[in-house]
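Commentary on secondary and tertiary structure
The chain contents come next:
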Amino acid sequence: MERTGTTAIDRPDVIKKITMRLVPFLGLIYLIAYIDRQNVSYAKLQMVSDLGLSEAAYGLGASLFFIGYFIFEVPSNVFMEKVGARRWFARIMITWGLTTVALGFTQNTVMFYILRFMLGAAEAGFFPGVLYVLTLWFPFEYRGRMVGSFMIFSAVANAIGAPIGGALLDLDGVLGLRGWQWVFIVTGIPAVVMTFVTLSYLDDKPADARFLDAEEKEWLRVTLANEDRAMNKTSHINPFATLLDPRVILMSAYYVAFPLAAYGLSYWLPTIVKGFGVSNTVNGFINIIPWVVVAFALHYVPRMAAKTGKQTPFIVGPALFGAACLVLSVYVTDHTLQFVFLCGAAAGIFAGQPVLWSLPSTFLTGASAAAGLAAINSVGNLGGFIAQNAVPWIKDQTGSTIAPMLFLAACLTVGGLMTFVVQAAIRRGREADLKLRPASPLGADLRGPAPR
């Protein structure tokens with residue numbers, strides 16, 4: 001129990017109340033977003049032939065999402081910090097929902113390219129926006145777990161998106177529409193609906209929260225303010241100056257490996273499974289399995305990291321495990337074993353990411369945190385652009401649907417090992433900032449826990 005004023009505050013109860021209010025709701029939106037960016041991997045099974053696309057042309061179109069995302073991510077997050085998450089998330093959802101529906105009426109290659117770019121521009125800012133919102137509501141020790149709980153919804157999206165995508169493809173011919181058109185139309189509608197729910201449900205920040213009483217709000221405000229001072233976080237006068245922070249630049253390059261591996265695997269997995277000789281519907285249901293495994297990994301790994309108080313082993317370990325599984329999936333010939341290793345690879349790729357996302361909030365706060373998180377995510381997600389062009393190219397060159405996994409394994413290995421470099425840079429930056437910081441008049445050590 002902690003006390004603010006004359007009222008006793010039960011810390012776990014406050015955190016539980018915030019968690020139950022925010023995480024399922026934000027996770028549901030993320031589930032919809034993830035389905036809307038992944039649905040193209042199922043539509044691909046029909047639309048490539050309908051639109052006369054080569055594998056490389058499809059890969060370029062799918063990957064243009066990340067170019068739009070990259071260009072608009074930082075401005076989107078900075079603007080959200082000004083106007084509030086409630087209105088900005090609603091704006092994001094209505095635009096991405098309508099764009100997804102429009103993809104169902106794609107007529108040619110150019111239109112496909114334009115709409116995929118527009119989808120990335122529309123959705124830009126949502127994921128790092130949520131990461132920033134979590135820094136406003138949760139003390140540092142809870143953030144890895146909250147990001148993990150939030151990201152579980154991406155695993156759920158992949159799990160339910162698989163059978164939904166397969167089933168919608170089998171609606172081919174209903175009302176004169178092709179199955180791939182149904183994929184886009186049906187999956188775009190929920191985002192439009194959730195726009196109006198968000199406007200009535202979401203609170204911008206703790207001070208506005210209708211579900212917390214005055215003492216709980218004050219306890220949270222004081223706790224987060226003390227934490228920011230103790231961890232000596234940076235807040236640039238101009239949030240765009242954050243883009244020049246060496247730690248942000250390094251983390252942006254470092255993070256590329258993780259979306260590259262994630263999107264390379266998740267976009268290509270239905271194609272690999274189709275090569276096993278199964279129907280569209282069976283393909284969808286088989287693809288549930290890897291994401292159930294991912295959900296368990298996202299639940300347990302951040303909790304183990306929080307329990308030990310260490311970040312590095314729980315980023316590096318899963319990444320190297322995932323890379324090893326990707327390599328093994330190439331060199332085994334049995335389809336069952338291939339699939340088992342691909343499930344392990346999916347878990348390894350995703351499990352350490354919630355822990356990774358706790359690192360920026362150890363040195364950034366306020367609008368700088370909003371800009372920094374967006375910069376890291378936008379640059380990192382260019383890995384999705386690389387994957388969507390490199391993987392089809394490797395397949396075209398080798399004639400194998402499984403050989404591209406070696407490329408993903410190499411990238412993931414480099415990313416995992418770069419964790420040591422990133423942690424060292426954060427420590428050096430922290431020490432440099434402390435030298436410039438005035439000493440506490442009470443002689444107290446306000447440095448707080450360094451990332452490990």
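Just so you know, the residues in each chain are numbered from 1, in the order the chain's sequence is written. Reporting in this predicted model follows two pLDDT cut-offs: at least 70 for local features of residues, and 80 or more for side-chain atom pairs to be given and counted; totals over whole chains, interfaces and linings ignore these cut-offs and use all residues. Only heavy atoms go into the side-chain values, all of them from the structure, while hydrogens and water stay out.

Turning our attention to the nonpolar core. By nonpolar core is meant a set of buried Ala, Val, Leu, Ile, Met, Phe, Trp, Tyr and Cys residues that side-chain atoms within 4.5 Å join together. We call a residue buried when its accessible area falls under 20% of the maximum for its residue type, exposed when it is over 50%, and partly exposed in between, using a 1.4 Å probe and counting protein chains only. One finds F89, W96, W137 and M405 to be the most contacted residues of the largest nonpolar core, which totals 141 residues. Considering each element in turn, this core owes the most residues, 19 residues, to helix 1 (residues 11-51). In this view, M405 contacts G264, L265, W268, I272, L326, S329, V330 and L342; residues no more than four positions away in its chain are not counted. Numbering of helices and strands runs from the N terminus; a helix is a DSSP stretch of H or I covering at least four residues, while a strand is a stretch of E covering at least two. The contact criterion used throughout is that any non-hydrogen atoms of two residues lie within 4.5 Å.

This brings us to the packing of helix 3 (residues 85-103) against helix 7 (residues 179-201). Here an axis means a line fitted to C-alpha atoms, over the contact stretch when the element is a helix, while the angle between two N-to-C directions is reported on a 0 to 180 degree scale. Contact pair helix 3 / helix 7: the axes reach a minimum separation of 7 Å and the direction vectors enclose 160°. One way to sum up the angle between helix 3 and helix 7 is to call them roughly antiparallel. The hand of the helix 3/helix 7 crossing is left-handed. Contacts between helix 3 and helix 7 involve R86, R87, F89, A90, M93, I94, W96, G97, L98, T100, V101 and L103 from the former and W180, F184, I185, T187, G188, I189, A191, V192, M194, T195, T198 and L199 from the latter. Grouping the constituent residues of the contact of helix 3 with helix 7 by class yields 16 nonpolar, 6 polar and 2 charged. Any angle from 65 to 115 degrees is called roughly perpendicular, while one under 35 is roughly parallel, one over 145 is roughly antiparallel, and all others are oblique. Crossing handedness follows the turn of the near helix against the far one: under a right angle anticlockwise gives a left-handed crossing, and clockwise gives a right-handed one. Residues are grouped as follows: nonpolar covers Ala, Val, Leu, Ile, Met, Phe, Trp, Tyr, Cys and Pro; charged covers Asp, Glu, Lys and Arg; every other residue, Gly included, is treated as polar.

Looking now at the packing of aromatic side chains. Ring pairs (aromatic) are described by centroid distance and by the angle formed between their planes. Any two of the Phe, Tyr and Trp rings considered here, Trp counted by its six-membered ring, make a pair once their centres fall within 6.5 Å; the pair's planes then place it as stacked at under 30 degrees, edge-to-face at over 60, or tilted in between. Across all of its chains, the model carries 22 aromatic pairs by this definition. Whether a charge sits over a ring depends on NZ of Lys or CZ of Arg being within 6 Å of the ring centre and within 35 degrees of the ring normal. The aromatic ring of Y58 is capped on one face by K44, whose charged end is 5.5 Å from the ring centroid. Looking at R91, its charged tip hangs above the ring of W88, at a distance of 4.4 Å from the centre.

Turning our attention to a nonpolar patch on the surface. Candidates for patches are residues over 30% relative accessible area with no salt bridge; among them, like charges are joined within 9 Å and nonpolar side chains (Val, Leu, Ile, Met, Phe, Trp, Tyr) within 5 Å. Surface accessibility in these figures is a Shrake-Rupley result with a 1.4 Å probe; residues are shielded only by whichever protein chains are displayed. Should a side-chain nitrogen of Lys or Arg be within 4 Å of a carboxyl oxygen of Asp or Glu, the pair is scored as a salt bridge. A cluster of nonpolar side chains, V292, F296, Y300 and M304, forms an exposed patch at the surface whose accessible area comes to about 400 Å². According to the relative accessible area criterion, M304 is partly exposed, its value standing at 41%.

Attention now goes to the state of the cysteines. For this text, the term disulfide refers to a pair of cysteine sulfurs within 2.5 Å. Per the stated rule, a full pass over the model turns up 0 disulfides. Take C325: it sits in no disulfide, and the sulfur closest to it among the cysteines is that of C343, at 9.4 Å. Take C325: its relative accessible area is 6%, and that puts it in the buried class.

Take the pattern of salt bridges next. This structure, assessed with the given rule, holds 7 salt bridges. One salt bridge connects R210 with D203, and the closest N-O pair in it is separated by 3.0 Å. The class for R210 is exposed, based on a relative accessible area of 54%. Given the relative accessible area of 8%, D203 is considered buried. Residues joined in a network through salt bridges with shared partners are D50, D172 and R178.

A word on the packing of helix 3 against helix 5 (residues 126-137). Remark: helix 3 packs on helix 5, axes separated minimally by 11 Å, with the N-to-C direction vectors making an angle of 160°. When the interaxial angle is binned, helix 3 and helix 5 end up roughly antiparallel. The two elements helix 3 and helix 5 meet at a crossing, and its hand is left-handed. Contacts between helix 3 and helix 5 involve A85, F89, I92 and W96 on the former and, on the latter, F126, G129, V130 and V133. Looking at the contact of helix 3 with helix 5, its residues break down into 7 nonpolar, 1 polar and no charged.

Here the focus is the side chain of N77. Locating N77 in the fold gives a position in helix 2 (residues 55-83). If sequence neighbours within four positions are ignored, N77 has contacts with G125, P128, G129, Y132, A370 and A374.

It is worth spelling out the side chain of Q46 at this point. You can see Q46 is positioned in helix 1. Separated by 3.0 Å, the side chain of Q46 and the backbone nitrogen of W180 make a polar contact. Throughout this description, a polar contact denotes any pair of N or O atoms lying within 3.5 Å of each other; where both atoms belong to protein, one of them has to be capable of donating a hydrogen while the other can accept it, and for residues adjacent in sequence the pair is counted only when both atoms sit in side chains.

Residues shown with low pLDDT carry predicted positions that ought not to be read at fine detail. Values of pLDDT, the confidence the predictor places in each residue, fall between 0 and 100. Confidence in the prediction for the chain averages 84 pLDDT; 91% of positions are at 70 or higher. Note on residues 1-8: pLDDT is under 50 here. Beyond four places in sequence and across chains, it has 14 contacts. Every residue in residues 439-449 scores below 50 in pLDDT, and together they form 13 contacts with partners more than four places removed in sequence or on other chains.

What follows concerns helix 3. For helix 3, spanning 19 residues, the distance from its first C-alpha to its last is 27 Å, which sits close to the expected 27 Å at 1.5 Å a residue. Looking at helix 3, one finds that the buried residues are A85, W88, F89, A90, I92, M93, W96, G97, T99, T100 and L103. Contacts from the buried residues of helix 3 go to helix 1, helix 2, helix 4 (109-123), helix 5 and helix 7. Here the expected span of a helix is defined as 1.5 Å times the quantity of residues minus one.

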